[in-house]
Amino acid sequence: MIGCLGACGHMADGPQDPPTPLPGITRAGLAAAVAIVAAVFMVVCYRPVYRGTACIRLAHAAISAGDLYRAHTALDAAAKADRWLDEVLSLDAKVYFRQYEQSAPKDPDLLEAARRRLTLAGSRNPADYRHREKLAQVHELQGDTAKAREILAEAIKKYPDCARLEVAMGRLLDPDAAAAHYRRAVEVEDAFREQFRRMYPGREPISRLGQDAYEDAKARMGEAQVGR
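Just so we're clear, the structure is a prediction, and the values are computed from it rather than from any experiment.

### Some details on helix α8 (residues 163-171)
Then, in step 1: The buried fraction of α8 is high, at 7 of 9 residues.
Then, in step 2: Turning to α8, its buried residues are Ala163, Leu165, Glu166, Val167, Ala168, Met169 and Gly170.
Then, in step 3: Check the buried side of α8 and you find it contacts α6 (129-141), α7 (145-158), α9 (175-199) and α10 (211-220).

### Side note on the environment of Gly52
Then, in step 1: Here Gly52 is to be found in helix α2 (residues 24-65).
Then, in step 2: Judged by relative accessible area, which is 0%, Gly52 ranks as buried.
Then, in step 3: In contact with Gly52, not counting residues within four places along its chain, are Ala78, Ala81 and Leu85.

### Notes on the pattern of salt bridges
Then, in step 1: Taken as a whole, this structure holds 16 salt bridges when the rule is applied.
Then, in step 2: Asp92 is the partner of Arg117 in a salt bridge, and the nearest nitrogen-oxygen pair spans 3.0 Å. Here Asp92 lies in helix α4 (residues 87-102) and Arg117 lies in helix α5 (residues 108-124), a separation of 25 residues in the sequence. Exposure class is identical for Arg117 and Asp92. Each is buried.
Then, in step 3: The salt bridge involving Glu154 is made with Arg132; its shortest N-O contact spans 3.1 Å. On the criterion of sequence distance, the pair formed by Glu154 in helix α7 and Arg132 in helix α6 is long-range, its members being 22 residues apart.

### Quick notes on the environment of Leu173
Then, in step 1: Relative to the assigned elements, Leu173 resides in the loop between α8 and α9.
Then, in step 2: Sequence separation of Leu173 and Leu89 is 84 residues, and the distance between their C-alpha atoms is 29 Å.
Then, in step 3: The residues contacting Leu173, other than those within four sequence positions of it, are Arg149, Ala178 and His181.

### Section: a nonpolar patch on the surface
Then, in step 1: On the surface, Ile36, Val40, Phe41, Met42, Val43, Val44, Tyr46 and Tyr50 cluster together into a nonpolar patch covering about 820 Å² of accessible area.
Then, in step 2: Judged by its relative accessible area of 54%, Ile36 falls in the exposed class.

About the cut-offs
- Residues numbered from 1 in each chain as written.
- Predicted model: local features only at pLDDT ≥ 70, side-chain atom pairs only at ≥ 80, totals over all residues.
- Heavy atoms only, no water.
- Buried < 20%, exposed > 50% of the residue type's maximum accessible area, 1.4 Å probe, protein only.
- Helix = DSSP H or I, 4+ residues; strand = E, 2+ residues; numbered from the N terminus.
- Contact = heavy atoms within 4.5 Å.
- Salt bridge = Lys/Arg side-chain N within 4 Å of Asp/Glu carboxyl O.
- Patch = residues over 30% accessible without salt bridge, like charges linked within 9 Å, V, L, I, M, F, W, Y side chains within 5 Å.
- Areas by Shrake-Rupley, 256 points an atom, 1.4 Å probe, with all protein chains shown as cover.

The structure is reproduced here in structure tokens:
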């Protein structure tokens, strides 16, 4: 488009000499170069995304049908087809986590499978705090609260204004250390509600944290002082 605009502006200056035609071998070389670039684009960029998206659609259909084994197979194929995808790994971990919650007795291998998928998702997209949030939850269920706190701290650094992360961290600490996190969660939620009132006057503010969690955080942020 820029080239066309430039050509139009150039021709408006006055009549120009006709362009010199390129030799046949040069035209053939340019056509070959364009074909090679197009082929590389299809193989490197388009094909992985297309295959990954197709596998994700199959996985969603399998999940809706309750065939979780087929869902895992499709999600694994999507992750291998497009090595930039991280959401598909998170979804696979979510399916494993659902299986864990439904298993009786609880199968620790399902939690371990979820942990591996979330770890890989975090390595593919280190900027997404949600992978660490879910990974911390898995470590908490596995009984490794120290690792869960470490991962949650990393998530909070990436998204310092998420009240949900502060509440999750507070749940893993003793009351003295947890009070600061609950207080921070209340501050973030109050700031959001105030902004909502300014943007939508007259409307009832919504809660990102949830009213029950908000009231619980307000109660717990003063537990340390009450204990003394």
